[in-house]
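Examining the three-dimensional arrangement
As a plain string of letters, each chain reads:
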Amino acid sequence: MTPITFWYGCNVLRHGDIIHACLDILRALDFDALPVGGPDYCCGTVKDANQTAAGGMATRTVGRFNALQRERVVAWCPSCHSHMQEFMGRANDMRFAMTYLVDLLYANRARLAPLLVHPVPMRVLLHRHLGFNEHSPVNRVVPELLRMIPGVEVVEDDYRVPGYMCASLQAVPGAIDDMIAATLRAAKASGADAVVSIFHQCYRELCGLEAQGAIPVYNYIHLLARSMGLAYEDEYKAWKKAGDGAALLIGTERIARVGVEFFERALLPELKKRPLIPKL
Amino acid sequence: MTDKLPGAARAAIGARLKAFEQAETERILSSCTRCGKCFEVCPMTGYSKAPAAAAAARDVVGGVLTVLRGVQGSPEALGWIAVCCRSGICVPACPEKVDPQMMMRLARMTALGGRGGAKQIAMREDPDFFDRVRAFAKLQLSDEELKHWT
């Protein structure tokens, strides 16, 4: 097996099923993937307002990757990947190569294809952004990966959302509402059965659509995993759909791990948040 | 994992990052002709708190360059900087290959006060950002996974 570091990032920790599925897919492709992420492996991109802090975080993370002595770091998060390319790598001594996960999957598509045995009959609208494609041509490549799944049909249209990932839109008043409206318009016009995201932050936003009963939503990894027979429960979506009832699904034991006060103050509002569904 | 670099090594890396950002700033300032194409193609300009017409694109870009020089930018320039979401379509639109995406990123860092100057735009900080990530990790990963993966 080829040893790699799988750098999943921070916010995808909301989606343990995606992380676990990625690891299974990588192992099935003969990669010995060592997963690392979370705040202790932050790239520093969230600290634009403090470049000293951002630089320190990046230096710590690059140092940790160097210490792992693996030749390749495969990134899940587009923010981490692009920040590494544009800034972290300019100042730090990186003793590893960087690859974006989609590119690795695409490069190994000949090995991936025979593993996609279970049909997933679904006509999908791929949630595509304008940005990030200079780092990895995800808008072209992810549809090709999805079309390897028996039964999946990917809508071809001009739907493109500004920014590189929905996280960047969250700070701009009105931008998420416009994204939601554009997504629903495109889904309706194309007759899609579901919306499929490439990135986790988009998935988090789009889950609200399914919670509202507007349209089913998945990440592309979910569909690859389903076709491979990997059955991880998408708990985040279940919690999102449950809203106030999320606490019951999570259970008192797990909530105690994060603290009831913090859960109610910082997690539950996110799970209850719903997008504005426009009249089409 | 031990990941403490000696202070001198950390300082050297910090200095290299600053030098890179400064070199990029100078390259952009010397190569941008203020043609305004980057502003014209940007899908986010309509979200600015101080929107400018496409006809004023040259002035808005000039304002961004002013911010890069460390000087107070115009409301229109700061409004555009604040809503840049890295769509990146400005990059191929630039006839001088300035890399307007890098221009806007550096301008944003500068306007936020991140490069040592005065803060010109506000950023909504989420004080729970990392704690929320850690909390979701505790809900989703096993103790063994938390210990070895995070």
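Residues numbered from 1 in each chain as written. Chains lettered and ligands numbered in written order. Predicted model: local features only at pLDDT ≥ 70, side-chain atom pairs only at ≥ 80, totals over all residues. Heavy atoms only, no water.

Looking only at helices and strands, chain B features eight helices and zero strands. For chain B, the succession of helices and strands along the chain, N to C, is α-α-α-α-α-α-α-α. Relative to the globule expectation of 15 Å for 150 residues, the C-alpha radius of gyration of chain B, 19 Å, shows a markedly less compact shape. On the principal axes, the C-alpha backbone points of chain B span a range of 60 × 35 × 30 Å. Counting across all 150 residues of chain B, residues that qualify as buried make up 46%. Taking the contacts inside chain B whose residues are at least 6 apart along the sequence as the reference set, 59% of them involve residues at least 24 apart. Here chain B has roughly 7,500 Å² of accessible surface; of this, 55% comes from carbon and sulfur atoms. Between the mean site of the 21 positive side-chain charges and the mean site of the 16 negative ones, chain B shows a separation of 4 Å. (Helix = DSSP H or I, 4+ residues; strand = E, 2+ residues; numbered from the N terminus. Rg over C-alpha atoms; globule rule 2.2 N^0.38 Å. Buried < 20%, exposed > 50% of the residue type's maximum accessible area, 1.4 Å probe, protein only. Contact = heavy atoms within 4.5 Å. Areas by Shrake-Rupley, 256 points an atom, 1.4 Å probe, with all protein chains shown as cover. Lys, Arg positive; Asp, Glu negative; His and termini not counted. Charge placed at Lys NZ, Arg CZ, Asp CG, Glu CD.)

Another point: the sheet that holds strand E6 (residues 152–154) of chain A. Residues and elements named next belong to chain A. Judged by pairing direction, the sheet is parallel, and its four strands sit side by side in the order E6-E5-E7-E8 without closing on themselves. The sheet is open, and its two edges are formed by E6 and strand E8 (217–219), each paired on a single side. The average undirected angle you get between the axes of adjacent strands in this sheet is 40 degrees. (Pairing = 2+ DSSP bridges. Axes fitted to C-alpha atoms, helices over the stretch in contact; angles between N-to-C directions.)

Residue and element names in this part refer to chain A. You can see Glu 86 is positioned in helix H3 (residues 78–91). Using a relative accessible area of 15% as the deciding quantity, one classes Glu 86 as buried. One polar contact links Glu 86 to His 135, side chain to side chain, over a distance of 2.9 Å. (Polar contact = N/O pair within 3.5 Å; in protein donor to acceptor, adjacent residues only side chain to side chain.)

A word on the side chain of A:Asp24. Here A:Asp24 lies in helix H1 (residues 16–28). Of the polar contacts made by the side chain of A:Asp24, one reaches the side chain of A:Tyr232; its length is 2.6 Å.

Here we take up the domain arrangement of chain A. All names here are of chain A. Here chain A is described as being made up of domain 1 (2–107) and domain 2 (116–280). Each of domain 1 and domain 2 has a C-alpha centre, and these two points are 22 Å apart. Between domain 1 and domain 2, the contact holds 26 residues from the first and 31 residues from the second. On the domain 1 side of the interface with domain 2, the three residues burying the most area are Arg 14, Asp 17 and Tyr 106, jointly 23% of the side's total. Taken together, the connections running from domain 1 to domain 2 amount to one salt bridge. Note that Glu 270 and Arg 14 form a salt bridge whose closest N and O atoms lie 2.7 Å from each other. At the junction of domain 1 and domain 2, the tally comes to eight residue pairs in polar contact (both at pLDDT 80 or more). Broken down by secondary-structure element, the contributors of at least two residues to the side of domain 1 that touches domain 2 are H1, H3 and helix H4 (101–107). (Domains from an automatic or database assignment. Buried area = accessible area lost by both parts, 1.4 Å probe. Salt bridge = Lys/Arg side-chain N within 4 Å of Asp/Glu carboxyl O.)

The next point concerns the confidence of the model for chain B. Low pLDDT marks stretches whose predicted atomic positions should not be read closely. Summing up the model confidence of chain B, the mean pLDDT is 93 and the portion of residues at 70 or higher is 97%. Interface predicted TM-score (ipTM) for the complex: 0.94; the corresponding pTM is 0.95. (pLDDT = per-residue confidence, 0-100.)

Time to look at the pattern of salt bridges. What the rule picks out here adds up to 23 salt bridges over all chains. For A:Arg123, the salt bridge is made with A:Glu153, and the minimal N-O distance between the two is 2.5 Å. Taken as a pair, A:Arg123 in strand E5 (residues 122–127) and A:Glu153 in strand E6 lie far apart in primary sequence, 30 residues in all. Taking the relative accessible area as the measure of exposure, A:Glu153 reaches 41% and is therefore partly exposed. Taking the shortest distance from any N to any O, the salt bridge between A:Lys237 and A:Glu210 comes out at 3.0 Å. Residue A:Lys237 is located in helix H11 (residues 235–242), and its partner A:Glu210 is located in helix H9 (residues 200–211); the two are separated by 27 residues in the primary sequence. On the accessibility criterion, A:Lys237 (8% relative accessible area) is buried. Connected through shared salt-bridge partners, A:Asp48, A:Glu86, B:Arg105 and B:Arg108 make up one network.

A separate point is the environment of B:Lys37. All names here are of chain B. Within the secondary structure, Lys 37 sits in helix H2 (residues 37–41). Along the primary structure Lys 37 and Cys 90 are separated by 53 residues, whereas in three dimensions their C-alpha atoms are 7.3 Å apart. Apart from the residues lying within four places of it in its own chain, the contact partners of Lys 37 are Ala 93 and Pro 95.

This part is about helix H7 (residues 129–140) of chain B. Given 3.6 residues to a turn, an α-helix orients residues that are three or four positions apart in the same direction. Between the first and last C-alpha of H7(B) there are 17 Å, a value that for twelve residues agrees with the 16 Å anticipated at 1.5 Å per step. Listed as buried for H7(B) are B:Phe130, B:Arg132, B:Val133, B:Ala135, B:Phe136, B:Ala137, B:Leu139 and B:Gln140. (Expected span 1.5 Å × (residues − 1).)

Moving on, we get to the pairing of strand E3 (residues 72–75) of chain A. All names here are of chain A. Note that strand E1 (residues 2–9) and E3 share three bridges and pair parallel. By the bridge assignment for E3, Phe 6 is matched with Val 74. Here four bridges tie E3 to strand E4 (residues 97–100), and the two strands are oriented parallel to one another. Within E4, the position partnered with Ala 75 by the bridge is Tyr 100. With H3 bridging E3 and its parallel neighbour E4, the resulting β-α-β unit is right-handed. (Right-handed = clockwise from strand over helix to strand, strands pointing away.)

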